[in-house]
Amino acid sequence: MATKIPVTVITGFLGSGKTSLIRHLLQNNQGRRIAVLVNEFGELGIDGELLKSCQVCPEDGEGDSNIFELTNGCLCCTVQEEFYPMMQELIKRRDSIDCILIETSGLALPKPLIKAFRWQEIRNAATVDAVITVVDCAAVAAGTFASNPEAIAAQRQADDNLEHETPLQELFEDQLACADLVVLNKIDLVDAETKARVEELIKQELPRVVKIVESNGSQLDASILLGFQAAVEDNLDSRPSHHDSEEDHNHDEEIISTNLILDRTFDPEKLQQQLEKLAQEQEIYRIKGFVAVPNKSMRLVMQGVGTRFDKFYDRPWKPKEARQTRLVFIGRDLKSSEIESQLVTL
């Protein structure tokens, strides 16, 4: 029987740097033929487009493209609807694939996805090589993985009963508990003392010895990330989850995504200032998208976690492409009309 295709599952909280990690792997693939499954929380497919713009993969998403974008919600809740048929298509092409990367949604639990690799049709052809959890060091230090970090800290000190933790706190812990490798990303944004504190917090949540590697901008060599041969689907019992006793899990229904498409350009600095203001007024966890800039032939990528933003030009606008500004907002109980009204007046 042919060798199974190794699959690396890349998980982590919103804005941790998962997409950047995959982009770097694609751009530095060392001759590997890599297929990518992208799970996108939101309807605009921002992460999928960012991966396509890395100039390693076809941009049209058709024909022999190895990028498959999952768009109808959290991957662990939609595996039977989209994941299975896409894996079947990849398995048919196993002779032309060296490995598969799966980027989960920032709101996905990793174990339900990994259990799908026990399905006979997939088990015979693919295996989970490793789970890599990407952690935004600065965000964890600031407590932004939870809606109310002060309340979470107080509850944990008073009572370790897991039911007192918010879904985002549980998610963070479950992603760590399932990891074969933890990438502590964006360490350049914190001082040495803060970094040490975050590392200690992570170690407390790891149920076994797991290597923690540091990173700036998810720039890690493929030799560090691939080739674990962990066969994760066969040893899930060593990766305890808060949701192990549940048949299904429900994400926080108040956490939603809202999309904004505007047929206009924006001054990047003014737009960022307004987005920072919105992030302070509403409970917005993540902002990401593409911006049309006046007198610029390049498309601007803008991404924000809380009030921290970064931006870069990724590629020229295509000749027949609409120069729209398209943004995705992910957060709790978002007020879409207020978001739009504050941006259209710029």
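Here is what the cut-offs are and how they apply
Residues numbered from 1 in each chain as written. Predicted model: local features only at pLDDT ≥ 70, side-chain atom pairs only at ≥ 80, totals over all residues. Heavy atoms only, no water. Helix = DSSP H or I, 4+ residues; strand = E, 2+ residues; numbered from the N terminus. Buried < 20%, exposed > 50% of the residue type's maximum accessible area, 1.4 Å probe, protein only. Contact = heavy atoms within 4.5 Å. Areas by Shrake-Rupley, 256 points an atom, 1.4 Å probe, with all protein chains shown as cover. Expected span 1.5 Å × (residues − 1). Arc of directions from axis to C-beta.

Draft legend 1. The arrangement of the overall build of the protein chain in detail. Along the protein chain, the regular secondary structure elements total 12 helices and 12 strands. Counting the 346 residues in the protein chain, one finds 55% classified as buried. Counted over contacts in the protein chain with a minimum sequence separation of 6, partners at least 24 positions apart contribute 79%. For the protein chain, the computed accessible surface area is about 15500 Å², with 45% contributed by carbon and sulfur atoms.

Draft legend 2. Geometry of helix α1 (residues 18–27). In terms of burial, α1 is a largely internal element, 8 of the 10 residues being buried. Three or more residues of α1 are buried, namely Lys-18, Thr-19, Leu-21, Ile-22, Arg-23, His-24, Leu-25 and Leu-26.

Draft legend 3. Geometry of helix α9 (residues 192–205). Between the first and last C-alpha of α9 there are 20 Å, a value that for 14 residues agrees with the 20 Å anticipated at 1.5 Å per step. When α9 is considered as a whole, its buried residues turn out to be Thr-194, Val-198, Glu-199, Ile-202 and Glu-205. In an axial view of α9, the angular spread of the buried residues amounts to 135°, which keeps them on one side of the axis. Among the exposed residues of α9, those oriented more than 90 degrees off its buried face are Ala-192, Glu-193 and Gln-204.

Draft legend 4. How the structure looks around unusual backbone geometry. The residue Lys-186 is not glycine, and still its phi comes out positive at about 60°. Relative to the helices and strands, Lys-186 is located in the loop between β6 (181–185) and α9. Take Lys-186: its relative accessible area is 15%, and that puts it in the buried class. Non-glycine residue Ser-218 carries a positive phi angle of around 60°.

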